[in-house]
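# Structural description and commentary
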Amino acid sequence: MRSITRAGLVAFVLLMGFSRLGIAGPFEQGVVAFQQGNYMTAFRFWNHLAKQGDALSQYNLGVMFYEGYGVPQDYADAAKWFRKAAAQGNSDAQRNLGVMYYEGNGVPKDNVRAHMWFNLSAINGNNNGAKDRNVVAKRMTFTQIAEAQRLAREWTPTQELQGRH
């Protein structure tokens, strides 16, 4: 099982070029600050955007809390931000929730929920989500897999925002 992905942070390396052109917005300024190791500045930019509903900023805050970048490591806060991004279809956040349920970090250890999140991530195009779903499936019974698949089929963003998963 791979650890928490930082794709939301790493994937935006190219955005640094935008800042050199003078067209960087708050998200990009957060990326630059993060890459320079100025985690508190990145946190301020992304926290503001995340509270306004920006899924990438929510995802990045999840990574910051999960890893303890500039904030105390807090798996519960990481899960909170990953949930918000996952509810908007962010496949990396969905996969990271799967990892958290698989490992029991900040949430109860639960292979059914892990499989559900990995499955949702895979449906949204995350190849690692598909690989991780197959890994966890090897540790599950047929009944557990069927339950995880049912949960994934019935999952809605509204449920997530209400904290039902």
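To keep things clear, this report deals only with the structure shown in the data block.

## Here's the deal with the packing of helix α8 (residues 111-123) against helix α9 (residues 127-137)
Two elements in contact, α8 and α9, have axes whose closest approach is 7 Å; the angle formed by their N-to-C orientations is 155 degrees. Looking at the two axes, α8 sits roughly antiparallel to α9. Regarding α8 and α9, the two cross each other, and that crossing is left-handed. Taken together, the residues of α9 that come into contact with α8 (itself represented by Asn111, Ala114, His115, Phe118, Asn119, Ser121 and Ala122) are Gly129, Ala130, Asp132, Arg133, Val136 and Ala137. Of the residues in the contact of α8 with α9, the class split is six nonpolar, five polar and two charged.

## Considerations on the packing of helix α5 (residues 55-67) against helix α6 (residues 75-87)
Running from N to C, α5 and α6 cross one another at 160 degrees; their axes reach a closest spacing of 7 Å. When the axes of α5 and α6 are compared, the pair comes out roughly antiparallel. With respect to the hand of their crossing, α5 and α6 are arranged in left-handed fashion. From α5, Ala55, Gln58, Tyr59, Leu61, Gly62, Val63, Phe65 and Tyr66 reach across to α6, where they touch Tyr75, Asp77, Ala78, Trp81, Phe82, Lys84 and Ala85.

## Brief notes about the nonpolar core
One recurring pattern in soluble globular proteins is that nonpolar side chains are buried together. Trp46, Phe82, Met100 and Trp117 are the most contacted members of the largest nonpolar core, which has 43 residues in total. When residues of this core are traced back to their parent elements, those giving at least two are α3 (26-35), α4 (39-51), α5, α6, α7 (91-103), α8, α9 and α10 (142-154).

## So, the pattern of salt bridges
Side chains carrying opposite charge are able to pair once their charged atoms draw close together. Across all of its chains, the model carries three salt bridges by this definition. Residue Arg95 pairs with Asp132 through a salt bridge whose shortest N-O separation is 2.7 Å. Of this pair, Arg95 sits in helix α7 while Asp132 sits in helix α9; the two residues are 37 residues apart in sequence, bridging distant segments of the chain. Note that Glu154 is salt-bridged to Arg150, the shortest N-O span being 2.5 Å. Of the two residues, Glu154 and Arg150 are both situated in helix α10; the distance of four residues between them amounts to about one turn of the helix. Taking relative accessible area as the criterion, Arg150 reaches 29% and is therefore assigned partly exposed. Through salt bridges that share partners, Glu147, Arg150 and Glu154 make up one connected network.

## Here's the deal with the packing of aromatic side chains
Per the counting criterion, the structure on display carries nine aromatic pairs. Ring pairing ties together the aromatic residues Phe27, Phe34, Tyr39, Trp46 and Tyr69, which thus form one cluster. In this structure, Lys84 packs its charged tip against the face of Trp81, placed 5.9 Å from the ring centre.

## Description of α10
For α10, spanning 13 residues, the distance from its first C-alpha to its last is 18 Å, which sits close to the expected 18 Å at 1.5 Å a residue. Burial in α10 covers these residues: Ile145, Ala148, Leu151 and Ala152. Here the buried residues of α10 occupy an arc of 125 degrees about the axis, which is enough to place them on one side. Those residues of α10 that are exposed and angled more than 90 degrees off the buried face are Phe142, Thr143 and Arg153. Along its buried surface, α10 packs onto α8 and α9.

Definitions and limits used
- Residues numbered from 1 in each chain as written.
- Predicted model: local features only at pLDDT ≥ 70, side-chain atom pairs only at ≥ 80, totals over all residues.
- Heavy atoms only, no water.
- Axes fitted to C-alpha atoms, helices over the stretch in contact; angles between N-to-C directions.
- Helix = DSSP H or I, 4+ residues; strand = E, 2+ residues; numbered from the N terminus.
- Parallel < 35°, antiparallel > 145°, perpendicular 65-115°, else oblique.
- Left-handed = near helix turned anticlockwise from the far one by under 90°.
- Contact = heavy atoms within 4.5 Å.
- Nonpolar A, V, L, I, M, F, W, Y, C, P; charged D, E, K, R; others polar.
- Core = buried A, V, L, I, M, F, W, Y, C linked by side-chain atoms within 4.5 Å.
- Buried < 20%, exposed > 50% of the residue type's maximum accessible area, 1.4 Å probe, protein only.
- Salt bridge = Lys/Arg side-chain N within 4 Å of Asp/Glu carboxyl O.
- Phe/Tyr/Trp six-rings, centres within 6.5 Å; stacked < 30°, edge-to-face > 60°.
- Lys NZ or Arg CZ within 6 Å of the ring centre and 35° of its normal.
- Expected span 1.5 Å × (residues − 1).
- Arc of directions from axis to C-beta.

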